[in-house]
Amino acid sequence: MSAAISEPGAEAAETSVAVKKPSGGGLGRYVLVRFLLIIPTIFILTTLVFFLMRITGDPITAALGGRLTKAQLAERVHAAGYDRPILVQYFEYLGNLLKGDFGTAVSDGQPVSSILLNYGAATVELVFYALIVAFILGIPLGMLAAYHRDKAPDAALRVLAILGYATPVFFAGMILKLIFGVFLPILPVAGRGTTETEYIMSGVVGPTRFYLIDAIRIGNFEVLGDVLAHAVLPAIALGVLTAGVFLRLVRTNLIGTLEQQYIDSGRSRGISEYRLVTKHAYRPALIPIITVMGMQIALMLAGAVLTETTFEWKGLGFKLAEYLTARDFVAVQGIVVFLAIIVALTNFLVDVIAAFIDPRVRY
Amino acid sequence: MKRRTGAKAVAIAAAGALLLSACSTSTTGGDSGDDKGGMLTVGTTDKVVALDPAAAYDNGSSLVEQQIYPYILAYKPGTAELNPSIAESADFTEPTKYEVKLKDGLKYANGNELTSSDVKFSFDRQLKIQDPNGPSSLLGGLKSVETPDETTVVFNLKRKNDQTWPGVLASAAGPIVDEDVFSADKVTENQEIVDGKAFAGPYTIDGFKFNELITYKSNPDYQGFIEPAKTETVQMKYYSDANNMKLDVQEGTIDVAWRSLSATDIDDLGKNEDLKVHKGPGGEIRYIVFNYDTMPFGAKTDNADEKKALAVRQAMADSVDRQAIATQVYKDTFTPLYSHVPEGLPGSDDPLKAEYGDGKGGADVDKAKKALKDAGVKTPVELNLQYNPDHYGPSSGDEYALVKDQLDKTGLFKVNLQSTEWVQYSKDRTDDVYPMYQLGWFPDYSDADNYLVPFFYDTDETPSFLANHYRDEAMNKELNAQSSIADEGKREEALKKIQGQLAEELPTLPLLQGNQIAVSGKDVKGVDDTLDPAFQFRLALLSK
């Protein structure tokens, strides 16, 4: 039976190769083309961000305009070279970016590259926790919905999924803070750790800046527990949105898979519906999740700005909000471009993984 | 098989996380194991711009500087009285020479000696760097610094008997830094300062995460005027959201919440039996600026009339009810201000209280009506009043809505209230766009001079900060003179006379004075000792 199923697939692959071969098809070409596409994507994003940020004027005036006299301002603008033609500044900015120089924040004088290094890990860590929440909630509940398809539990879970991805992340965050910070104060609502944890982390030699990893490295389980406790609410706030998407996706794909011929064959052999769902159908249904992961991570990074601000989670989103408030466009530009690069690279990786798993998505 | 292992790992990790989360506790204070005075955690929403005094002139940075750097002079807690700190003595030896004798054996936490050379270095570098974020403008009165020997410093000043100079030495321009760690001609990086242990204040920095957490350890070698730190370790936690700080002080996660809780949060926390709300005089003031050219009947309007313009200002002063604004909008976290110099500073007075309204601080519509009628002003007078919604806190909108309401209700005025975002606002106000507008002020140093000279001293060489076209040569002379009066009593008299004249003229209309407010656990001591007219939050005085 399995041979019978695989044969048409093999034929299709051969046919596909026969057609695509002249243009050099296959995984290698796909990876190369997808990678090369990142370059114009980042270039366009960088250009857009640069010029949009400069519509309102130069960064010095934007950040310090209210505090300096006109003469001081002119002097600073001139010293920083912001009175030169905009194209000269643009090409200089691109040149510096290629060297890894994202500029220096106007409001606090911090090099943007060190901001990215110091706060990027916190954001990645938060997205990681949120993905765990999304997987833990989304996949089993999606399977449950598919198992009970068109019955009451399915309807309830679908409503739950809609609520999950329709609820604005800051609203979910505020509700969680209200519940677990005010009415039932059992979980911390601010920061990545208590002051003791932060103090210990500030002294960790050669830190990875991922608190989870650093806490394990130093073998301090109290710190580890504290770090995880602080992660619970922000991870739920951010992860619930993606959990809703995963739930719907798993349900739809699982129902589609359950209608496949080989599942019917299983049923005719007397395999229980539960076993069919959990053993035979769920793996193919998970593949689409990988393909939407890239987009979900991009959405999570966007959501992280609000989640981090709500929970004082000092990551890139938190800093971005701070610098926006301070009208520090150099720092904002640097963080936005960096996040764009991360999103582009994540999408590339996800596409490569999807192509590796499912040859049909290749060129 | 691999996938199953992965799923198991995720399940184990999740379970472990929940278990560890359940086991963990949020603790501060008391358990640090320190021999002396334990540990305190203080929260703030103020941000640090830089640890280098040459590059910072803001509340957040000054807060840190006051803990870690030595000053030649320091305020006596509870007063605005200056005393030698790391100096044995400090006084004028000649009208333009201010001589300081340093204490013997001063040193930094890194072991370097602190000598007169460091003092000269600290001031010279500020003048050289002139960072726009820094306080070098406060050193405008300094001509040069001499160091006759290792413990003697002579400041050569531009003005004779400059009574503001001691205040400058205790201000953001006054920290003494280590010449072996700091750069002479550029701003020194935060981490270099921390690594170099360039501290000689009551505390040193033991752990530093920029705008996240600063861990202070008491400095055993501190020889300044403030008593040695009462608590061995103080953690300063930085919040971006005051709501989170409120929750943390409520739950005891932090011991003290210092700047800036909203008025409603303070009101709410005041009802909590485990907490104490501490209030002290504050240096922040709020006022309305009148543009003498463009206000109704202003010098460059079609119907220019100096007398009528003055009557409009005076009638407005008669009509505003400051107490109502302080109570309704700010829940009494601000107090009414009846002078151009806030209460608590030597020389401050309250001439507007008796002169306007009901004579007791309240409004009086009949008096306002009379002022306008006597000057021949037809009512209602149309007022274009501007405020800024994003620089003076979220309550500015409510504050000015109430001002409008109070003025409109008199029937004498018709107020067009508008707001503009800060960057544009700060350009517009000096470009004569606004006939009358909101401003606020934090002092550079605790002296009445700092609330008068920057606003009302106006010459071609030194234009006023307000740029509202108020210029009075007689006032210029008086402002100049008061800063050189060495006799304290006579200087206070001169300051009161100036305030009286300003109350009659009203180039600005003072409205409110901010209180310094901290919220702490009931077991925390020393908070009230530091909420004084020096406007410095000294962590060294706190304990529990």
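Here is a short report on the structure shown in this document. (Residues numbered from 1 in each chain as written. Chains lettered and ligands numbered in written order. Predicted model: local features only at pLDDT ≥ 70, side-chain atom pairs only at ≥ 80, totals over all residues. Heavy atoms only, no water.)

1. Some details on the overall build of chain B
Right, so step 1: When helices and strands are counted, chain B shows 17 helices and 19 strands.
Right, so step 2: What you see for chain B is a C-alpha radius of gyration of 26 Å, in line with the 24 Å of a compact globule of 544 residues.
Right, so step 3: Taking the principal axes of its C-alpha atoms as reference, chain B extends roughly 90 × 70 × 45 Å.
Right, so step 4: A buried classification covers 57% of the 544 residues belonging to chain B.
Right, so step 5: Looking at chain B as shown, the accessible area adds up to about 21,600 Å², and 48% of this sits on carbon and sulfur atoms.
Right, so step 6: Computed over 58 positive and 87 negative side-chain charges, the inter-centroid distance for chain B is 4 Å. (Helix = DSSP H or I, 4+ residues; strand = E, 2+ residues; numbered from the N terminus. Rg over C-alpha atoms; globule rule 2.2 N^0.38 Å. Buried < 20%, exposed > 50% of the residue type's maximum accessible area, 1.4 Å probe, protein only. Areas by Shrake-Rupley, 256 points an atom, 1.4 Å probe, with all protein chains shown as cover. Lys, Arg positive; Asp, Glu negative; His and termini not counted. Charge placed at Lys NZ, Arg CZ, Asp CG, Glu CD.)

2. Details of the sheet that holds strand E13 (residues 285–290) of chain B
Residues and elements named next belong to chain B.
Right, so step 1: Across the sheet, which stays open at both edges, the six strands sit in the order E14-E18-E13-E17-E15-E16 with mixed pairing between neighbours. The sheet terminates laterally at strand E14 (334–336) and strand E16 (413–419), the two strands that pair on one side only. Strand-to-strand twist in this sheet, taken as the mean axis angle between neighbours without regard to direction, amounts to 30°.
Right, so step 2: Pairing between strand E15 (residues 381–387) and strand E17 (residues 436–441): two bridges, direction parallel. Each residue of the ladder has a partner; that of Gln-386, found in E17, is Tyr-437.
Right, so step 3: Packing of helix H12 (residues 396–409) onto the sheet brings it into contact with E13, E15, E16, E17 and strand E18 (508–514), and relative to E16 it is tilted by some 165°.
Right, so step 4: Helix-sheet contacts for helix H14 (residues 449–456) involve E13, E17 and E18, and the interaxial angle to E17 is about 140°. (Pairing = 2+ DSSP bridges. Axes fitted to C-alpha atoms, helices over the stretch in contact; angles between N-to-C directions. Contact = heavy atoms within 4.5 Å.)

3. Considering the nonpolar core
Right, so step 1: One finds Tyr-129, Leu-254 and Ile-335 of chain A to be the most contacted residues of the largest nonpolar core, which totals 77 residues.
Right, so step 2: It is helix H6 (residues 112–147) of chain A that contributes the most residues to this core, 15 residues altogether.
Right, so step 3: The contact partners of Tyr-129 of chain A, leaving out residues within four places of it in the chain, are Leu-212, Val-227, Leu-228, Ala-231, Ala-235 and Trp-313 of chain A.
Right, so step 4: Residues Ala-309, Val-312, Ile-325 and Leu-407 of chain B belong to the second largest nonpolar core, which totals 40 residues. (Core = buried A, V, L, I, M, F, W, Y, C linked by side-chain atoms within 4.5 Å.)

4. Focus: the pairing of strand E5 (residues 97–102) of chain B
Residue and element names in this part refer to chain B.
Right, so step 1: Here E5 shows a clear split, with Tyr-98, Val-100 and Leu-102 buried on one side and none of Lys-97, Glu-99 and Lys-101 buried on the other.
Right, so step 2: Bridge count between strand E4 (residues 87–94) and E5: six bridges; the pairing is antiparallel. The partner of Glu-94 across the bridge, within E5, is Lys-97.
Right, so step 3: Linking E4 to E5, which pair antiparallel, is a turn of two residues.
Right, so step 4: Judged from the five bridges that link them, E5 and strand E7 (residues 152–157) form a sheet pairing that is antiparallel. If you follow Lys-97 over to E7, its bridge partner there is Asn-156.

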